[in-house]
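Chain residues, written in single-letter form:
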Amino acid sequence: MAVRINKDDFEEKVLKSNLPVIVDFYSDSCIACKKLAPALGDVEDDYEGKLYVYKVNTNFDKELVKKYQIAANPTLLFVKNAEVLDRKTGAHTLAELKTWVEALL
(Lines give C-alpha, C1' and ligand atoms only; values in the text may rest on other atoms or scores of the structure.)
Protein backbone atom coordinates (compact mmCIF):
# COMPACT_ATOMS: atom_id res chain seq x y z
CA MET A 1 0.00 0.00 0.00
CA ALA A 2 1.34 3.41 -0.99
CA VAL A 3 2.92 5.44 1.80
CA ARG A 4 1.46 8.87 2.54
CA ILE A 5 3.98 11.67 2.24
CA ASN A 6 3.77 15.44 2.66
CA LYS A 7 5.76 18.57 1.87
CA ASP A 8 8.32 17.69 4.55
CA ASP A 9 9.47 14.49 2.84
CA PHE A 10 8.35 15.13 -0.77
CA GLU A 11 11.78 16.27 -1.95
CA GLU A 12 13.59 13.31 -0.40
CA LYS A 13 11.06 10.63 -1.42
CA VAL A 14 10.08 11.95 -4.86
CA LEU A 15 12.51 14.48 -6.29
CA LYS A 16 15.68 12.74 -5.07
CA SER A 17 14.43 9.21 -5.72
CA ASN A 18 16.73 6.84 -7.57
CA LEU A 19 13.64 5.24 -9.17
CA PRO A 20 10.65 6.79 -10.98
CA VAL A 21 7.75 7.72 -8.69
CA ILE A 22 3.99 7.85 -9.09
CA VAL A 23 2.48 10.43 -6.76
CA ASP A 24 -1.23 9.99 -6.09
CA PHE A 25 -2.87 13.27 -5.09
CA TYR A 26 -6.06 12.14 -3.38
CA SER A 27 -8.72 12.96 -0.81
CA ASP A 28 -10.27 10.58 1.72
CA SER A 29 -13.77 11.67 0.65
CA CYS A 30 -13.14 11.15 -3.08
CA ILE A 31 -15.05 8.19 -4.59
CA ALA A 32 -12.83 8.02 -7.69
CA CYS A 33 -9.77 7.95 -5.40
CA LYS A 34 -11.19 4.94 -3.59
CA LYS A 35 -11.87 3.19 -6.90
CA LEU A 36 -8.32 3.90 -8.09
CA ALA A 37 -6.59 2.68 -4.91
CA PRO A 38 -6.70 -1.11 -5.59
CA ALA A 39 -5.37 -0.72 -9.15
CA LEU A 40 -2.63 1.59 -7.94
CA GLY A 41 -1.74 -0.94 -5.24
CA ASP A 42 -1.43 -3.62 -7.92
CA VAL A 43 0.87 -1.35 -9.95
CA GLU A 44 2.99 -0.83 -6.86
CA ASP A 45 3.25 -4.61 -6.36
CA ASP A 46 3.83 -5.42 -10.04
CA TYR A 47 6.60 -2.83 -10.44
CA GLU A 48 8.32 -3.35 -7.10
CA GLY A 49 11.97 -2.44 -7.49
CA LYS A 50 11.21 -0.42 -10.64
CA LEU A 51 9.20 2.49 -9.20
CA TYR A 52 7.73 3.86 -6.00
CA VAL A 53 4.15 4.92 -5.32
CA TYR A 54 3.36 7.62 -2.77
CA LYS A 55 0.14 9.38 -1.76
CA VAL A 56 -0.38 13.08 -1.00
CA ASN A 57 -3.63 14.11 0.70
CA THR A 58 -4.90 17.25 -1.02
CA ASN A 59 -6.81 18.35 2.08
CA PHE A 60 -3.65 18.62 4.17
CA ASP A 61 -0.90 19.43 1.68
CA LYS A 62 -2.15 22.60 -0.02
CA GLU A 63 1.39 23.77 -0.76
CA LEU A 64 2.09 20.73 -2.94
CA VAL A 65 -1.37 21.00 -4.54
CA LYS A 66 -0.61 24.57 -5.56
CA LYS A 67 2.96 23.87 -6.68
CA TYR A 68 1.91 20.98 -8.94
CA GLN A 69 -1.35 22.62 -10.06
CA ILE A 70 -3.62 19.81 -8.91
CA ALA A 71 -7.16 20.73 -9.94
CA ALA A 72 -8.97 17.43 -9.36
CA ASN A 73 -8.80 14.26 -7.30
CA PRO A 74 -7.33 11.84 -8.02
CA THR A 75 -4.39 13.15 -10.00
CA LEU A 76 -1.37 10.96 -10.62
CA LEU A 77 2.03 12.46 -11.40
CA PHE A 78 4.76 10.34 -12.96
CA VAL A 79 8.06 11.80 -11.75
CA LYS A 80 11.47 10.69 -12.97
CA ASN A 81 14.77 12.42 -12.18
CA ALA A 82 12.90 15.21 -10.35
CA GLU A 83 10.85 16.00 -13.47
CA VAL A 84 7.11 15.48 -13.91
CA LEU A 85 6.94 13.50 -17.13
CA ASP A 86 3.17 13.03 -17.25
CA ARG A 87 -0.07 13.24 -15.27
CA LYS A 88 -3.39 11.43 -15.25
CA THR A 89 -6.61 12.59 -13.65
CA GLY A 90 -9.52 10.40 -12.58
CA ALA A 91 -9.93 6.71 -11.88
CA HIS A 92 -8.22 4.27 -14.25
CA THR A 93 -8.18 0.52 -14.66
CA LEU A 94 -5.13 -1.57 -13.89
CA ALA A 95 -4.61 -2.18 -17.61
CA GLU A 96 -4.67 1.56 -18.33
CA LEU A 97 -2.20 2.26 -15.52
CA LYS A 98 0.18 -0.47 -16.69
CA THR A 99 0.13 0.86 -20.25
CA TRP A 100 0.89 4.35 -18.91
CA VAL A 101 3.72 3.12 -16.70
CA GLU A 102 5.30 0.99 -19.45
CA ALA A 103 5.32 3.96 -21.82
CA LEU A 104 7.12 6.13 -19.25
CA LEU A 105 9.61 3.67 -17.78
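Up top is the structure these notes are about.
Right, let's walk through the structure included here. (Residues numbered from 1 in each chain as written. Predicted model: local features only at pLDDT ≥ 70, side-chain atom pairs only at ≥ 80, totals over all residues. Heavy atoms only, no water.)

Our next topic: the sheet that holds strand β5 (residues 83–89). The 5 strands lie next to each other as β1-β3-β2-β4-β5, forming an open sheet whose pairing is mixed. Every interior strand has two partners, whereas the edge strands, β1 (3–4) and β5, have only one. Relative to β5, strand β4 (residues 75–80) runs antiparallel, the two sharing 6 bridges. Looking at the pairing, Phe78 lines up with Asp86 of β5. (Pairing = 2+ DSSP bridges. Helix = DSSP H or I, 4+ residues; strand = E, 2+ residues; numbered from the N terminus.)

Here the focus is the packing of aromatic side chains. The description of an aromatic ring pair uses the distance of the two centres, along with the angle that the planes make with each other. Under the counting rule described, the total for this entry stands at 4 aromatic pairs. On the basis of an interplanar angle of 45 degrees and a centroid distance of 5.3 Å, the ring pair of Phe10 and Tyr68 is categorised as tilted. Here Tyr68 lies in the loop between α3 (62–67) and β4 and Phe10 lies in helix α1 (residues 7–15), a separation of 58 residues in the sequence. Here the two residues Phe10 and Tyr68 agree in accessibility, since each one is buried. Seen from their ring centres, Phe78 and Trp100 are 5.7 Å apart, and the 80 degrees between their planes marks the pair as edge-to-face. Of this pair, Phe78 sits in strand β4 while Trp100 sits in helix α4 (residues 94–104), and the two are 22 residues apart along the sequence. The class of Phe78 is buried, set by a relative accessible area of 0%. Chaining the aromatic ring pairs together yields one cluster made of Phe10, Phe25 and Tyr68. Against the face of Tyr26 rests Lys55, its NZ or CZ located 4.3 Å from the ring centre. (Phe/Tyr/Trp six-rings, centres within 6.5 Å; stacked < 30°, edge-to-face > 60°. Buried < 20%, exposed > 50% of the residue type's maximum accessible area, 1.4 Å probe, protein only. Lys NZ or Arg CZ within 6 Å of the ring centre and 35° of its normal.)

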